[in-house]
Amino acid sequence: MFFISRGKLSVFSNGKHVGELKDGGFFGEVALLYNTPRTASIKAETRTQLFELSKHDFEQAIKPFPRKAAKVQVIAKERFQKFVLGDMVRKVPLFTRCKTTEMIEEVIELLQPRSYPANCKVISEGEGGKEMYFISRGSLSVINSSGQQVHRLVDGNFFGEIAMLFDTPRTATVVTLVESYLFSLSGEAFREVLRKYPFEAAWTREIAETRLRKHVLQDIVKNVPLFASADEAFQAGIVKHLKPRGYAAEETVIVEGSGGSEMYFISRGELEIVSNEGKVIRTLRDGDFFGEVALVYDTPRTATIRAAAKSQLFVLSKEDFQEVVKQDPAIGESIYTIAKERFCGFVLSGFVRRVPLFESCSPEFVGAIVERMTPRSFDTNETVIVEGQGGEEMYFVSRGRLDVVMTDGGGQRVVSRMKDGDFFGEVALVFETPRTASIVATTQSQLFILTKTDFNAVMEKHPSEVTRIRKVASERFRKFVLHDIVRKVPVFSQSKSKEFVERIVQLLHPKMFKPGDIVVREGEGGDQMYFVSRGVLQVSVENKVVSKLQDGDFFGEVAIVYDTPRTASIVSSENSQLYVLTKQDLQHALSDHPEEVQVIKYAASIRLKKFVLFDLVKKVPMFHSCEDKTLITNLVDFLVPRAYNNSDVVVSQRQGGDEMYFVSQGELTVLVENEPVHTLKDGDFFGEVALMYDTPRTATIKCLSRTQLFLLSRSDFSTVMQQHLNTPVYTEIERISSERFKRYVLTTLVKRVPTFKDVSPEFINALVDNLKPRGVKGYVIKEDDAGEEMYFVSRGELRVLAEGQTVHTMQDGDFFGEIALLHDTPRTASIIADQQTQLFVLSRNHFCAVFDAHPTDAEPIKKIAKERLEQYVLKDLVRKVPLFGAAEDAGLIKSITKSLTPRRISKGEWAVKEGETADEMFFVSRGELKVISSRGNKEVIVHSFRDGDFFGEVALVFDTPRTASIMAAVRTQVFVLTRASFNEILSNHTGSVRNTIMNVAKNRLNHYILKDLLKKVPLLNQPNNSEEFIMRLVSAMTAKTFKCGEDVVLQGQGGDEMYFISRGLLCVMVSGDKVFTLKDGDFFGEIALILDTPRTASVISETASTLFILKRSDFRAILDLCPQFREPIERIARARFNQVVLVQLFKKVPMFAHCDDQFLVDISTKMEPLNVTEGDYIVREGQGGNEMYFVSRGCLDVIVSNGDEEVVVNTLKDGDFFGEVALLYNTPRTASIKASTQSTVYVMKNEHFQSVLTNDTASEEIRRIAGIRFKQHVLHNLVKKVPLFANSNKEFISQLVDCLDSQVTTPNQRIIKEGEGGDEMYFVIRGELTAQIGEEDVCILKDGDFFGEIALCYDTPRTATISSTAQGELFVLYKDEFAEVMDKYPS
């Protein structure tokens, strides 16, 4: 490095004078740290004195000063980047136009140094690359693919810039000649920079793409045969129009057969040419191209090409190509000539090779076929070939779209579509067959045609190909021509199996007939079906010609399924070729495709119906007298065949069904309750009732052999009958059907009911006549509801629910509700239909009418009905009673059920009267009774009893008065159990049963006593409280016995239970003093049900006592079920809590000790509970706050900071308080309060407290005491924090606190100013202040901070300016008052 002592020097860069250096100047400093070439020449213009510093001396000089060395490195790097790397970067064409210094600087920052030894390869030709390089120092050789050096790179040169922006392979190899230092720039990092500078990015990419096209793409274009003979200007024009396009691995570029108008050049990557079978035919790599024919011809692609790896291609469109050709028509003509040769060689040859006839032929044969092909254009909607007509040409679709149209049922439908690359008509080159479809151009289309004449000419010159081509043609004739004919046959048209139809085609064999030959004879048997390939045949019935058969027709299909005689004669009118399918061949095909058997038989049966099934239908009584042949024929048309194997069940008894069956062949047995009663054979029928009624089957029908049936479904029957509505035929069929339904179905259902098992047939028939159908969905009957109907399930499924749970399922043929026909009893279960269900209903009125008309059947019905009543209804009622259910003794339940006697109670009649003694229990069978209770001078309805309820069970055991009156609201049926009957029953059972019943009875007696106790509690006995709510509370209570002298609750302890005294005396103690006595019927602890508070007194048992306990958890659960009672109960509980507990807590606080009870009640209503978990902080030291707290339950630690430690200085427990000063003064907390256990505190907020305060004497006294405590606790702690006073005694601190004056601050108010004098010290009580030195904010002062203490002792200017940022409050200590206190305490 050089320092100029004296003289003048000039600076030259690239031969240009760029600056001057004079005395005191320097240059070359970068060379002390970097081995880089000089970036400019320096020339002395006058005699000059310089001082030189070598790199070695520099390194020795800075070695002892590592921190200075690091700083020098930073500065040197900045200058190196600015002067050395900056010049290198700006030389690159990508950056020469860049005017944005920031972008250049960011690029320089991204450069990474690289060191290479001599003869080291930096990049290799053909490899991918993502970096460019700048040569800082060294020499490198550029070597081409032949291994020759084509260029040499030295200091300041660069290379690889194209690879940085485009993923292209390297175009040369670069090797170091000597040890070299380079800087690299990655493409990814550079692209990130370009995103920040979109304007520079645009022209940077433009320059890069220009260089890419010039150095890479032009070489690729030269290799394309189409462009090889063109001059450089034409090639450059092609390169200019190339567009980049990227493809991911496995992504398809072009698809065989699809159209295309683009040529592709591979810049980087690997692509595969793939066959239709997915086989890779060839691989294309960097520099290869494809698709050039598409620039000249509108032809489909001849192969599929996909990317084998991520690839970069450049695309030339047909439009861009034509634009370049316009500039040089002569070259364009030459290119079109070459393209035509390649089109014929590649495209048409590809077309031909895709045809199965030619795919294995030699190249010479394919070339000869291509030479014979001629183009022809077709307009839109022009027909190319016509279905059924002959033809001798084959077609290749070069360009366009065509529809394949076939005749179908008299109309025409498009069965497929053809596009570029497709072909058709190849069979016509070999066989004289009619076209199997029409082909119509739907767009302007270009086709290439090969005639049969030209094809035969080629075949004569290539005899080795003849045999193979004819074999393939025969296969395709069967596949396409015969396949279409077979598909037209109804027997095969329903087949879903392509393989099955192809198998049928393979089994066909040709047979020739001359004019006059008889193919089949009317009346003779036969087992062959025929397909007309070519010719004309006459159809004769009874020697009369009735029709004609031509190419594509067929006949004889029934013969290959059924052994039936021919229905007509078929005679050939000319030389005819037919294809024959025998019954045996069909059986072979079906053995390979068993799933097709039913399909084939069904289709064949359609013709069979006309000759056999008509008579079968006529035999059915419903249709026997029908003279309308059209109706019978229509029914026959709907018959469906179905085959069954031996032992197969056709229908099952009690299951639903909607089909009638005709036996065509076989034998079946009829089973009723699994007993055979009849046999069915050919010509018989069954199930006809199912055509009109949704009923269960009355018998099971099972096959005794392999059987063929024909089925008629209800829906098909209804379709036919709809055409004959309101006709005599319809009326007669409906009448006969109704008679058979009653005779076979409903009679069977009724006979299955036990109540009717011993009655006469006349009684059964009378009941059947009174059954009414009913469709239902949802609830049919509901548990405990009354009912007067019996139900038979005709069709569907129902669920039986008991207490909301599904206990049983009913299906077709089941019944329920029979007891309701004779007895007024509630339903014992709910019955629900989830889906639409068909029932038949018998009402009590209709049943009674039949009952009265058949007196001889009355006695057995009554007897069975009574047994079922006891078995199903009364037994369930008895089992519901806790008194009996707890015994779990079936014999007991049965005995009680038999002892019940019925009783009717008229509307308004009393069942029992409150206060009377009685010995009867009641079960409500049907009706409603009101429960009436005396409330003072009023009688109030508190409850209702309905079907299935019971009452009075305690009277069976205890001589207790009735606790309420019960009166019938409507005419009511009850069953009564007397105490005498009950005692007699108990005498016949074990002692354990009796003990269980006695215990349950005692509990229920307690149940009623507790209910009365609960009603005495103001908290619980609200006007709106329901009987249900009270009963839930009774059920939740538990009994507990306490000894004499035993503690029940203790003052100050928590508790969550309320107590009711059933028996005994208890003493109430407050702070050790007895205040009163509790006795039977009293209660205490109700607040504990709602609030988590300590007990306010101790309760001790003075005698042996029995108490009933209600827990808070059970009480809350009941409130969740009855939420309407929560708000009034909680409101009353809180009011009592405020009156009793919080008022006592407030009296402990000095601020409130003088206040009267009403004032304390008023402020206690403002408090809110707060639950805190162990470890939670309630307040934190130093933070502001405006709440006071009472500890209701738990334990809290008082924590004070001592340096970096936190010290627990006190513990707060139940009844303690803290934070009272915060109600009047918004000051920082002097300690932290943390919960050491799960705790509950009550919170009083400042705003709530202020709303209660007035200007009376009591409020003023509160403010006065609060001020004293504020100074004692808050200000004392603030002053103590000041280091000046940290070691001062308590009296000294108290004197200073008395001197403090309050000062309110406003936002942006300056308190003190830097540089000014001052004689005050400040304490921040509330708010926020900013301290500034000069113009810089140095700190923020908050609650509890102080400043200005030096002004108390020294007359010095303020060292900072302090201003308030928000409204707040300060306390000020003046210097003169401080001095007075100091005089009093000289020590």
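Here's what I pulled together on the structure shown here. (Residues numbered from 1 in each chain as written. Predicted model: local features only at pLDDT ≥ 70, side-chain atom pairs only at ≥ 80, totals over all residues. Heavy atoms only, no water.)

1. What to know about the overall build of the chain
Here's step 1: Within the chain one finds 37 helices and 84 strands.
Here's step 2: Expressed as a percentage of its 1387 residues, the buried residues of the chain come to 48%.
Here's step 3: For the chain, restricting intrachain contacts to residue pairs at least 6 apart in sequence, the fraction spanning at least 24 positions comes to 74%.
Here's step 4: For the chain, the accessible surface area stands at approximately 69,000 Å², while carbon and sulfur atoms represent 48% of it. (Helix = DSSP H or I, 4+ residues; strand = E, 2+ residues; numbered from the N terminus. Buried < 20%, exposed > 50% of the residue type's maximum accessible area, 1.4 Å probe, protein only. Contact = heavy atoms within 4.5 Å. Areas by Shrake-Rupley, 256 points an atom, 1.4 Å probe, with all protein chains shown as cover.)

2. As for the pattern of salt bridges
Here's step 1: Summed over the entire model, instances satisfying the criterion amount to 21 salt bridges.
Here's step 2: Linking Arg642 and Glu659 is a salt bridge whose minimum nitrogen-to-oxygen distance equals 3.8 Å. Linking Arg642 in strand 39 (residues 640–644) with Glu659 in strand 41 (residues 659–665), this pair joins segments that are 17 residues apart in sequence.
Here's step 3: For Arg642, a relative accessible area of 33% translates into the label partly exposed.
Here's step 4: A network of salt bridges, in which partner residues are shared, links Glu928, Lys930 and Arg946. (Salt bridge = Lys/Arg side-chain N within 4 Å of Asp/Glu carboxyl O.)

3. Quick word on the packing of helix 27 (residues 890–899) against helix 28 (residues 979–987)
Here's step 1: The contact between helix 27 and helix 28 brings their axes to 10 Å, and the two run at 150°. When the axes of helix 27 and helix 28 are compared, the pair comes out roughly antiparallel. In this structure, helix 27 crosses over helix 28, and the sense of that crossing is right-handed. Note on element contacts: helix 28 touches helix 27 through Ser981, Phe982, Ile985 and Leu986, opposite Leu892, Ser895, Ile896 and Ser899. (Axes fitted to C-alpha atoms, helices over the stretch in contact; angles between N-to-C directions. Parallel < 35°, antiparallel > 145°, perpendicular 65-115°, else oblique. Left-handed = near helix turned anticlockwise from the far one by under 90°.)

4. Here's the deal with the nonpolar core
Here's step 1: Counting residues in hydrophobic clusters, the biggest one holds 38 residues, and the most contacted among them are Phe1029, Phe1115, Phe1146, Phe1152, Ile1163 and Phe1190.
Here's step 2: The next biggest cluster of nonpolar side chains, apart from the first, holds 24 residues, and it includes Ile369, Met373, Phe423 and Leu429. (Core = buried A, V, L, I, M, F, W, Y, C linked by side-chain atoms within 4.5 Å.)

5. Brief notes about the environment of Ser1236
Here's step 1: Mapping Ser1236 onto the fold places it in the loop between strand 75 (1232–1235) and strand 76 (1239–1245).
Here's step 2: Residue classification places Ser1236 among the partly exposed positions, given a relative accessible area of 24%.
Here's step 3: Placed 61 residues apart in sequence, Ser1236 and Gly1175 show a C-alpha to C-alpha distance of 5.9 Å.
Here's step 4: With residues up to four places along the chain from it excluded, the contact list for Ser1236 reads Glu1174, Cys1195, Leu1196 and Asp1197.

6. Topic: the sheet that holds strand 9 (residues 131–137)
Here's step 1: Read across the sheet, four strands follow the order 7-14-9-12 without closing on themselves; strand pairing throughout is antiparallel. One side of each edge strand has no neighbouring strand; the edge strands of this open sheet are strand 7 (112–116) and strand 12 (158–159).
Here's step 2: The pairing of strand 7 with strand 14 (residues 180–186) spans five bridges and is antiparallel. Paired with Pro113 across the bridge in strand 14 is Phe183. (Pairing = 2+ DSSP bridges.)

7. Quick look at the packing of helix 20 (residues 629–637) against helix 21 (residues 714–722)
Here's step 1: One can describe the packing of helix 20 onto helix 21 by two numbers: an axis separation of 10 Å at closest approach and a directional angle of 155°. Classified by the interaxial angle, the pair formed by helix 20 and helix 21 is roughly antiparallel. Once helix 20 is placed against helix 21, the crossing between them reads as right-handed. Together, Leu631, Asn634 and Leu635 of helix 20 and Phe717, Val720 and Met721 of helix 21 make up the contact between the two elements.

8. A word on a negative patch on the surface
Here's step 1: Taken together, Asp1319, Asp1376, Glu1380 and Asp1383 make up a surface patch of like negative charges.
Here's step 2: Secondary-structure assignment places Glu1380 in helix 37 (residues 1375–1384). (Patch = residues over 30% accessible without salt bridge, like charges linked within 9 Å, V, L, I, M, F, W, Y side chains within 5 Å. Lys, Arg positive; Asp, Glu negative; His and termini not counted. Charge placed at Lys NZ, Arg CZ, Asp CG, Glu CD.)

9. Comments concerning the packing of aromatic side chains
Here's step 1: All told, the structure shown has 20 aromatic pairs when counted by the stated rule.
Here's step 2: Aromatic side chains Tyr264 and Phe290 sit 5.0 Å apart centroid to centroid with 15° between the ring planes, which places their arrangement in the stacked category. Taken together, the residues Tyr264 in strand 17 (residues 262–268) and Phe290 in strand 20 (residues 289–290) connect sequence positions 26 residues apart.
Here's step 3: Arranged with centres 5.8 Å apart and planes meeting at 85°, the rings of Phe1292 and Tyr1385 form a pair that is edge-to-face. Highlighted residues: Phe1292 in helix 36 (residues 1290–1299) and Tyr1385 in the segment after helix 37, separated in sequence by 93 residues.
Here's step 4: We note Lys782 situated over the ring of Tyr779; from NZ or CZ to the ring centre the distance is 4.9 Å.
Here's step 5: Positioned above the aromatic ring of Tyr1177 is the side chain of Arg1180, whose terminal nitrogen or guanidinium carbon lies 3.8 Å from the ring centre. (Phe/Tyr/Trp six-rings, centres within 6.5 Å; stacked < 30°, edge-to-face > 60°. Lys NZ or Arg CZ within 6 Å of the ring centre and 35° of its normal.)

10. What to know about helix 27
Here's step 1: For helix 27, the complete set of buried residues consists of Leu892, Ile893, Ile896 and Thr897. For helix 27, the arc enclosing every buried residue in end-on projection is 135°, short of the 170-degree limit, so these residues lie on one face. Facing away from the buried side of helix 27, by more than 90 degrees, are the exposed residues Ala890, Lys894 and Lys898. (Arc of directions from axis to C-beta.)

11. A few points about the pairing of strand 68 (residues 1105–1111)
Here's step 1: Counting buried positions along strand 68 gives six out of seven residues, so the element sits mostly inside the fold.
Here's step 2: As judged from the five bridges shared by strand 61 (residues 1038–1042) and strand 68, these two strands associate in the antiparallel manner. Residue pairing in the sheet places Thr1038 in a bridge with Ile1109 of strand 68.
Here's step 3: In this structure, strand 63 (residues 1057–1063) lies alongside strand 68, joined through six bridges in antiparallel fashion. The residue of strand 68 that forms the bridge with Tyr1059 is Ile1109.

12. Quick word on the sheet that holds strand 38 (residues 576–582)
Here's step 1: The strand order 31-38-33-36 describes an open sheet built from four strands, whose pairing is antiparallel. On the outer flanks of this sheet lie strand 31 (509–513) and strand 36 (554–555), each paired with one strand and no other.
Here's step 2: Pairing analysis gives five bridges linking strand 31 to strand 38, with the strands arranged antiparallel. Along strand 38, the bridge assignment pairs Phe513 with Ser576.

13. With respect to the side chain of Thr304
Here's step 1: Turning to its location among the elements, Thr304 is positioned in strand 21 (residues 304–307).
Here's step 2: Among the polar contacts made by the side chain of Thr304, one reaches the main-chain amide nitrogen of Glu256 at a distance of 2.9 Å.
Here's step 3: Non-local contacts of Thr304, meaning those with residues more than four positions away in its chain, are made with Thr252, Ile254, Val255, Glu256, Glu272, Ile273 and Val274. (Polar contact = N/O pair within 3.5 Å; in protein donor to acceptor, adjacent residues only side chain to side chain.)

14. Points about the environment of Val545
Here's step 1: As for its position among the elements, Val545 is in strand 35 (residues 544–549).
Here's step 2: Val545 sits 23 residues away from Ala568 along the chain, and the two C-alpha atoms are 9.6 Å apart.
Here's step 3: What Val545 contacts, discounting residues up to four positions off in sequence, is Gln538, Val539 and Ser540.

15. Section: a nonpolar patch on the surface
Here's step 1: Taken together, the side chains of Phe3, Phe26 and Phe51 present a nonpolar region at the surface, about 300 Å² in accessible area.
Here's step 2: Given the relative accessible area of 36%, Phe3 is considered partly exposed.

16. Topic: empty space enclosed by the protein
Here's step 1: Taken as a whole and assessed by the stated rule, the structure comprises three cavities of 30 Å³ or more.
Here's step 2: Within this model, the largest cavity holds a volume of roughly 70 Å³.
Here's step 3: Taken together, 10 residues form the lining of the largest cavity, with Arg654, Arg697, Thr698, Thr748 and Leu749 sitting closest to its centre.
Here's step 4: Across the lining of the largest cavity, the residue classes break down as three nonpolar, four polar and three charged. (1 Å grid on protein atoms, 1.4 Å probe; cavity = no way out; pocket = protein on both sides within 12 Å on 5 of 7 lines; lining within 4 Å. Points joined across faces, edges and corners; volume = space filled by probe spheres on them. Nonpolar A, V, L, I, M, F, W, Y, C, P; charged D, E, K, R; others polar.)

17. So, unusual backbone geometry
Here's step 1: Although it is not a glycine, Asn119 adopts a positive phi angle of roughly 65°.
Here's step 2: Inspection of the secondary structure puts Asn119 in the loop between strand 7 and strand 8 (121–123).
Here's step 3: Exposure remark for Asn119: the relative accessible area of 65% places this residue in the exposed category.
Here's step 4: Phi is positive for Glu673, which is not a glycine, with a value near 50°.
Here's step 5: Looking at where Glu673 falls in the secondary structure, it is placed in the loop between strand 42 (668–672) and strand 43 (675–680).
Here's step 6: On the basis of relative accessible area, Glu673 is assigned to the partly exposed category, the value being 42%.

18. Looking at the environment of Gln1053
Here's step 1: Locating Gln1053 in the fold gives a position in the loop between strand 62 (1047–1049) and strand 63.
Here's step 2: On the basis of relative accessible area, Gln1053 is assigned to the partly exposed category, the value being 44%.
Here's step 3: Separated by 41 residues in the primary sequence, Gln1053 and Pro1094 have C-alpha atoms spaced 4.9 Å apart.
Here's step 4: Look past the residues within four positions of Gln1053 in its chain and what remains in contact with it is Thr1093, Pro1094 and Arg1095.

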